[in-house]
Amino acid sequence: QQQVKQSPQSLIVQKGGISIINCAYENTAFDYFPWYQQFPGKGPALLIAIRPDVSEKKEGRFTISFNKSAKQFSLHIMDSQPGDSATYFCAASRGRGSTLGRLYFGRGTQLTVWP
Amino acid sequence: DGGITQSPKYLFRKEGQNVTLSCEQNLNHDAMYWYRQDPGQGLRLIYYSQIVNDFQKGDIAEGYSVSREKKESFPLTVTSAQKNPTAFYLCASSKPGAPGYGYTFGSGTRLTVV
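Residues numbered from 1 in each chain as written. Chains lettered and ligands numbered in written order. Predicted model: local features only at pLDDT ≥ 70, side-chain atom pairs only at ≥ 80, totals over all residues. Heavy atoms only, no water.

Draft legend 1. Focus on the side chain of A:T109. Residue and element names in this part refer to chain A. Mapping T109 onto the fold places it in strand 11 (residues 109-114). Only 2.5 Å separates the side chain of T109 from the backbone oxygen of P8, close enough to count as a polar contact. Among all residues touching T109, those that are not within four sequence positions of it are Q6, S7, P8, Q9, S10, L11, I21, A86, T87 and Y88. (Helix = DSSP H or I, 4+ residues; strand = E, 2+ residues; numbered from the N terminus. Polar contact = N/O pair within 3.5 Å; in protein donor to acceptor, adjacent residues only side chain to side chain. Contact = heavy atoms within 4.5 Å.)

Draft legend 2. Representation of the pairing of strand 5 (residues 45-50) of chain A within the structure. All names here are of chain A. In this structure, strand 4 (residues 33-38) lies alongside strand 5, joined through 5 bridges in antiparallel fashion. Across the sheet, residue P34 finds its bridge partner in strand 5, namely A49. Hairpin remark: strand 4 followed by strand 5, antiparallel, with 6 residues in the connecting loop; positive phi at G41, about 75 degrees. (Pairing = 2+ DSSP bridges.)

Draft legend 3. Here's a closer look at the pattern of salt bridges. Scanning the model with the defined rule gives 8 salt bridges over all chains in all. As a salt-bridge pair, B:D59 and A:R102 come within 2.5 Å of each other at their nearest N and O atoms. Of this pair, B:D59 sits in the loop between strand 6 (54-57) and strand 7 (64-66) while A:R102 sits in the loop between strand 9 (86-92) and strand 10 (104-105), which puts the two residues in different chains. According to the relative accessible area criterion, A:R102 is buried, its value standing at 9%. Salt bridges sharing common partners tie together B:R36, B:D38 and B:R44. (Salt bridge = Lys/Arg side-chain N within 4 Å of Asp/Glu carboxyl O. Buried < 20%, exposed > 50% of the residue type's maximum accessible area, 1.4 Å probe, protein only.)

Listed below in structure tokens is the structure:
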């Protein structure tokens, strides 16, 4: 059973446009929601993360929007650039219990930004 | 600089052979993880370890084995029982007591069955 559902699977955006990737979860025990960015042949790297006590977090051109009641969160990339072309993974984890720290990942979104 | 080192970067295995993928970290992280990545499947957890000499099965542990004899090392063996081992394997580590924080990945090993 997929703990975190991510869409779309692939996304093509023109340079300067806004890229939006959505994720949804069911487990209300999740209390940490990171996004990872992965370039081909490399491991994922933490991009930005949010906790459920805030509805939005912004770091440069990257913004996470979080809707606790809908159990959804999304990544917005403003002014998308060709260098943003990568695979993006959303994830969730919970802070208690025997699986402390384990991240549950979405299936990823392959973003292509055309120049 | 601290980080996770995976080796080799590319590995070729003949059918019926066992192969071992190396993962070493110098971040002083207690928890370590092995993920398998296939196109369109995301990251699937194979095994994880929260402390030395202890590890748990993840979602797709069949055909794999691990050991955790040292805090810094968490090798993964892909056995001949793994029916479809061709994939990109990622090792990660995390900081204890900090859910999700400090989740650092290595650069991966691409395993191909020939």
